[in-house]
Amino acid sequence: MSPKGFSSKVSGPIIGVSTAATAASPPRSLLKFDLGLPDASERTKSIILKNPKSSTIPSSSKHYYNLHDFQKRAKTKLPLPLYEYIASGTDDEQTLSENRAAWKGWYLRPRVMIPVGGISTATTLFGQRLSFPVFTSPAGVQALCDEEEGECATARACGRVGTMFGLSQHATRSIEEVASAAGGTLRWFQSYIMKDRSLTLRLVKRAVKAGYKGIFVTVDSVRFGYREADARNGWDALPPPHRLVNYDELGEESSLAGTYNGKEHKSWDQNSEQMWEQNVTWDDIRWLKREGCRDGNTDIPLVVKGIMTAEDALLALDAGADGIMVSNHGGRALDGCLSAIDALPEVVAAVGGRVPVLMDGGVTRGTDVLKAVALGATAVGLGKPVFFALACGGEEGVVKMLSMLKTETEAAMAICGCRSIEDVTGNLVTRHPSGGSVVPYIRSSL
C-alpha cells in the first residue's frame, strides 16, 4: 500500500528502475512532510516517510548476506521517490549500470601455497590508518534514511569499524555536530567550489577547525546530470523539516528559498546546482589549498574528486592536489562516460605513484576492493550502500554492512595468497584472454 495521499505510479517508464511499490512493514517512526508533485493543480501532496530510528538492525538481519540485500530491503522500507532519488542515475543510466557491471570484466589471478594465517587488511592514507581499504564517500542528506542521527550515525559506524568517514557539504548534520558525535572517527570534509567563494572557504576552515583531517573538493559537478526519475516523481526540493544545515549561516531566506529549494526546475539537482560556480579553473584548486588547507603549521591534504582522465589527473597534480579520486559521481553526473574502475588504470599510470589514488563507483564486494587495489587504488569509497544500510538499521546497519565487506575482503586476500595490502599488486588482476562475457548488471532486479 502506498503512503497516505501519495501514489507510487508514475507516468512513463524509468529506464533501469522498477516502479512497482513493495509493501513495507509497519514503520517504527513516521516523518510527515509535504512534497510538491508536478500536476495540473500544482497542489502539494502529503507523503509519509518511513525512517528507521532504532540504533539496532532489525531482527531480519539474518537475511543480510551481502550488500545487495541491504538495497533490496531498503526498497521495501523507503517511499518510491526517495528510493529512486538514491538509486537512480542520469539519462539512460548507462554509466550507473556499467559502474557495477565493469567489475566483472576484471579477473583475479589467485596464488596458492602461501601462508595466509595472519592476514592484515589494514592500510594507511596520508599516514592515517584504515582497518581496510574502504571508506564512506562524502554523500549528503543522510537524514532522509535515518531521521534521528543522519550523518552522525554513519560517522560513528566508521569509527567503530576503524575507517574514514567523508562528510558532504550537503549534509543534514553540521560539520561541528558530526565532529562532536564522532570525535574518535577519522573524518574528512567534502567541498564544492561555489559562486560565493567566501562561503566555500569558510566551510573548509570550519572543517579544519573541527578536526577534519582532509578535504575532498568535488570537480565533476559544475552542473548535475538530469535524473528523469526525480522529475517524474516530483523530487524537486529537500522535504521539510530537513535542510542543508551547513548553510544555516546564510539565513532562511537566502539558503532555502533562493538556492537549493527554489523549485524552479522539476529535479532537485537542477535547483541545487544553482549554487555552484560554473566558470572554474585549476587556479581555484590552488586557491583553496593555499587559503583553506592548513591547520596551524600543519598542511591538510586536499584530494581532487571526480577525475576520469589522465590529462585531468596531471593538471590536478600541477595545481597542488595531494591526491586524486577517480569518480563519475556514482553515475549521477555525465551519462555515457566510462565506469570508474575502467578509468582507474589510466589515471594511476599518469600519476605514477606520486600521490595516492582513490576511487568509488559500484563497489559491492570484497573482490571489488581487491581488484581496485591491485589496479593501483589506495582505497575505495562507498556511496549508495551507506544509504541503504542506514535505511535498514541506522548506525548498526552501517557497521554490519562495512564489517561484511571487510570480511569479504579478507577472505579474497587469503584465497589470492595476499597476507597484507602490500601484497596486492598489479599481477593479481587481468582481462579475460578471449575478452570474456560479462553478465549484465540489472539494477531493476534490486
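Residues numbered from 1 in each chain as written. Predicted model: local features only at pLDDT ≥ 70, side-chain atom pairs only at ≥ 80, totals over all residues. Heavy atoms only, no water.

> Can you tell me about helix α1 (residues 67-77), naming the residues and giving the values?
With 9 of 11 residues buried, α1 lies mostly within the body of the structure. The set of residues buried in α1 consists of Leu67, His68, Asp69, Phe70, Gln71, Ala74, Lys75, Thr76 and Lys77. Between a side-chain oxygen at the N-terminus of α1 and the backbone nitrogen of His68 the separation is 2.9 Å; the capping residue is Asn66. (Buried < 20%, exposed > 50% of the residue type's maximum accessible area, 1.4 Å probe, protein only. Helix = DSSP H or I, 4+ residues; strand = E, 2+ residues; numbered from the N terminus. Polar contact = N/O pair within 3.5 Å; in protein donor to acceptor, adjacent residues only side chain to side chain.)

> Could you give an account of the packing of helix α13 (residues 366-374) against helix α14 (residues 384-415), naming the residues involved and the relevant values?
The interhelical angle for the contact between α13 and α14, taken along N-to-C directions, is 60°, at an axis separation of 7 Å. Between α13 and α14, the angle is such that the two are oblique. Two packed elements cross with a definite hand, and for α13 against α14 that hand is right-handed. Contacts from Gly366, Thr367, Val369 and Leu370 in α13 reach Leu405, Glu408, Thr409, Ala412 and Met413 in α14. (Axes fitted to C-alpha atoms, helices over the stretch in contact; angles between N-to-C directions. Parallel < 35°, antiparallel > 145°, perpendicular 65-115°, else oblique. Left-handed = near helix turned anticlockwise from the far one by under 90°. Contact = heavy atoms within 4.5 Å.)

> Please provide a residue-by-residue account of the environment of Glu422, values included.
Mapped onto the secondary structure, Glu422 falls in the loop between α14 and β16 (429-430). We classify Glu422 as exposed; its relative accessible area is 59%. Linking Glu422 and Thr123, residues 299 residues apart in sequence, is a C-alpha distance of 8.4 Å.

> Can you break down the layout of surface pockets residue by residue, with the values?
In this approach a probe as big as a water molecule rolls over the atoms, and the regions it shows empty are the leftover space. Of the volumes computed, that of the largest pocket is approximately 490 Å³. Taken together, 26 residues make up the lining of the largest pocket; nearest its centre are Val219, Asp220, Ser221, Val222 and Gly306. For the lining of the largest pocket, the secondary-structure elements that each account for two or more residues are α10 (282-292) and β12 (302-307). The leading source of residues in the lining of the largest pocket is α10, at 3 residues. Looking at the lining of the largest pocket residue by residue, the classes come out as 13 nonpolar, 8 polar and 5 charged. (1 Å grid on protein atoms, 1.4 Å probe; cavity = no way out; pocket = protein on both sides within 12 Å on 5 of 7 lines; lining within 4 Å. Points joined across faces, edges and corners; volume = space filled by probe spheres on them. Nonpolar A, V, L, I, M, F, W, Y, C, P; charged D, E, K, R; others polar.)

> I'd like a description of empty space enclosed by the protein, backed by residues and values.
In this structure the tally under the stated criterion is 2 cavities of 30 Å³ or more. Of the pockets and cavities examined, the largest cavity occupies roughly 830 Å³. What lines the largest cavity is a set of 44 residues, and nearest its centre among them are His329, Gly330, Arg332, Gly383 and Lys384. For the lining of the largest cavity, the elements supplying multiple residues, two or more each, are α1, α2 (80-87), α3 (94-101), β8 (187-192), α9 (268-272), β15 (379-382) and α14. Its residues assigned to classes, the lining of the largest cavity shows 18 nonpolar, 18 polar and 8 charged.

> Can you tell me about the state of the cysteines, naming the residues and giving the values?
Scanning the entire structure with this criterion turns up 0 disulfides. Cys392 provides the cysteine sulfur closest to Cys145, a residue in no disulfide bond, and the two sulfurs are 9.0 Å apart. Cys418 forms no disulfide, and the closest cysteine sulfur to it belongs to Cys416, at a distance of 5.7 Å. (Disulfide = S-S within 2.5 Å.)

> Can you break down the packing of aromatic side chains residue by residue, with the values?
All told, the structure shown has 8 aromatic pairs when counted by the stated rule. Each ring, one from Phe189 and one from Tyr212, has its centre 6.4 Å from the other, and the planes form 75°; the classification is edge-to-face. You can see Phe189 sitting in strand β8 and its partner Tyr212 sitting in the loop between α6 (197-209) and β9 (215-218), a full 23 residues away along the chain. Note on Tyr212: relative accessible area 1%, which makes it buried. Taking NZ or CZ as reference, Arg332 lies 5.1 Å from the ring centre of Tyr85, over its face. (Phe/Tyr/Trp six-rings, centres within 6.5 Å; stacked < 30°, edge-to-face > 60°. Lys NZ or Arg CZ within 6 Å of the ring centre and 35° of its normal.)

> I'd like a rundown of the pattern of salt bridges, residues and numbers included.
Per the counting criterion, the structure on display carries 22 salt bridges. The shortest N-O distance in the salt bridge between Arg160 and Glu395 comes to 2.9 Å. Here the residue Arg160 occupies a position in helix α4 (residues 151-161), and Glu395 occupies one in helix α14, the gap between them amounting to 235 residues. We classify Arg160 as partly exposed; its relative accessible area is 46%. We note a salt bridge from Glu249 to Arg206, for which the minimum N-O separation is 3.3 Å. (Salt bridge = Lys/Arg side-chain N within 4 Å of Asp/Glu carboxyl O.)

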